[in-house]
Amino acid sequence: MTQTSENVTWLTQEAYNKLRAELEYLTGPARAEISAKIAAAREEGDLRENGGYHAAKEEQGKQELRVRQLTQLLENAKVGEAPAADGAVAPGMVVTIAFDGDEDDTLTFLLASREYASSDIETYSPQSPLGTGVIGHKVGEDAEYELPNGKKALVKILKAEPYEG
């Protein structure tokens, strides 16, 4: 379901199918739509002062960037099962931590690549400082990670469960 190394992205079958469908749409109907917008704007005349043309070209650039991102992601994807519910923190899990062991100061987040970010739960990348600090630790253990200012922060793993989203 998430990135576990620089080159491999673990996906559920459902996530893979969703991303594959988005790529097919962007490389098919969406490309045709943006090409038609560009052609229509080009027919309006002077391209230097043609806001519609420039907006359509910018939209095309963003769309092609997304196509490249999806293509790379899917080329490096491995379809598999969610991580085991063995209490060890791994990508694809919802993790609850307590800062400095204070169980009143907690954070619950999904440890996953940004592709799976959702408005329902905060998402941290496995490559983030917090992500690398907690991976492999079990419920009840303390973990340490480096803050942007170079100082170390201590957290306690309270829960680690496979993401069901």
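Attention in this report is confined to the structure presented alongside it. Within each chain, residues carry numbers counting from 1 in the order of the written sequence. Local features are withheld for residues below a pLDDT of 70 in this predicted model, meaning they are given only at 70 or higher, and side-chain atom pairs are given and counted only at 80 or more; totals for whole chains, interfaces and linings count all residues. Heavy atoms from the whole structure form the basis of all side-chain values; hydrogens and water molecules are not counted.

**Quick notes on the overall build of the chain**
Then, number 1: Think of it this way: any DSSP run of H or I at least four residues long counts as a helix, any run of E at least two long counts as a strand, and we number them from the N terminus. Scanning the chain from N- to C-terminus turns up four helices and seven strands.
Then, number 2: For the chain, the α and β elements follow one another from N to C terminus as β-α-α-α-β-β-β-β-α-β-β.
Then, number 3: Within the span of the chain, comprising 165 residues, buried residues form 35% of the whole.
Then, number 4: The long-range share in the chain, meaning contacts at least 24 apart out of those at least 6 apart in sequence, stands at 50%.
Then, number 5: Accessible surface is estimated by sampling points in the Shrake-Rupley manner with a 1.4 Å probe; for residues, cover comes only from the protein chains shown. A total accessible area of about 9800 Å² is found for the chain, and carbon and sulfur atoms account for 48% of it. We call a residue buried when its accessible area falls under 20% of the maximum for its residue type, exposed when it is over 50%, and partly exposed in between, using a 1.4 Å probe and counting protein chains only. Should any heavy atoms of two residues lie within 4.5 Å, those residues are considered in contact.

**Brief notes about the nonpolar core**
Then, number 1: One finds V89, I97, F109, L130 and V134 to be the most contacted residues of the largest nonpolar core, which totals 15 residues.
Then, number 2: Of all the elements in the fold, those that place two or more residues in this core are β3 (93-99), β4 (106-111), α4 (129-134), β6 (142-146) and β7 (152-162).
Then, number 3: Take this core: its biggest share by element is four residues, from β7.
Then, number 4: Look past the residues within four positions of I97 in its chain and what remains in contact with it is D105, T106, L107, F109, L130, V134, V155, K156, I157 and L158. Put simply, buried Ala, Val, Leu, Ile, Met, Phe, Trp, Tyr and Cys residues joined by side-chain atoms within 4.5 Å make one nonpolar core.

**Describing a negative patch on the surface**
Then, number 1: Patch criteria: residues need more than 30% relative accessible area and no salt bridge. Like-charged residues are merged within 9 Å; nonpolar side chains of Val, Leu, Ile, Met, Phe, Trp and Tyr are merged within 5 Å. The term salt bridge refers to a pairing of a side-chain nitrogen on Lys or Arg with a carboxyl oxygen on Asp or Glu at a separation within 4 Å. When charges are counted, Lys and Arg are positive and Asp and Glu negative, with His and the chain ends excluded. Every charge is mapped to an atom, namely NZ of Lys, CZ of Arg, CG of Asp or CD of Glu. On the surface, a cluster of negative charge is contributed by D100, D102, E103, D104 and D105.
Then, number 2: The topology assignment puts D104 in the loop between β3 and β4.

**Things to note about the pairing of β7**
Then, number 1: One requirement defines pairing of two strands: DSSP has to find at least two bridges between them. Bridge analysis of β3 against β7 gives seven bridges, and the strand direction is antiparallel. Pairing of T96 across the sheet is with K159, part of β7.
Then, number 2: Bridge analysis of β6 against β7 gives five bridges, and the strand direction is antiparallel. Bridge assignment links Y145 to a residue of β7, and that residue is A153.
Then, number 3: Hairpin connection from β6 to β7: five residues lie between these consecutive antiparallel strands, with G150 at a positive phi of about 95 degrees.

The analysis is restricted to geometry; functional conclusions fall outside its scope.
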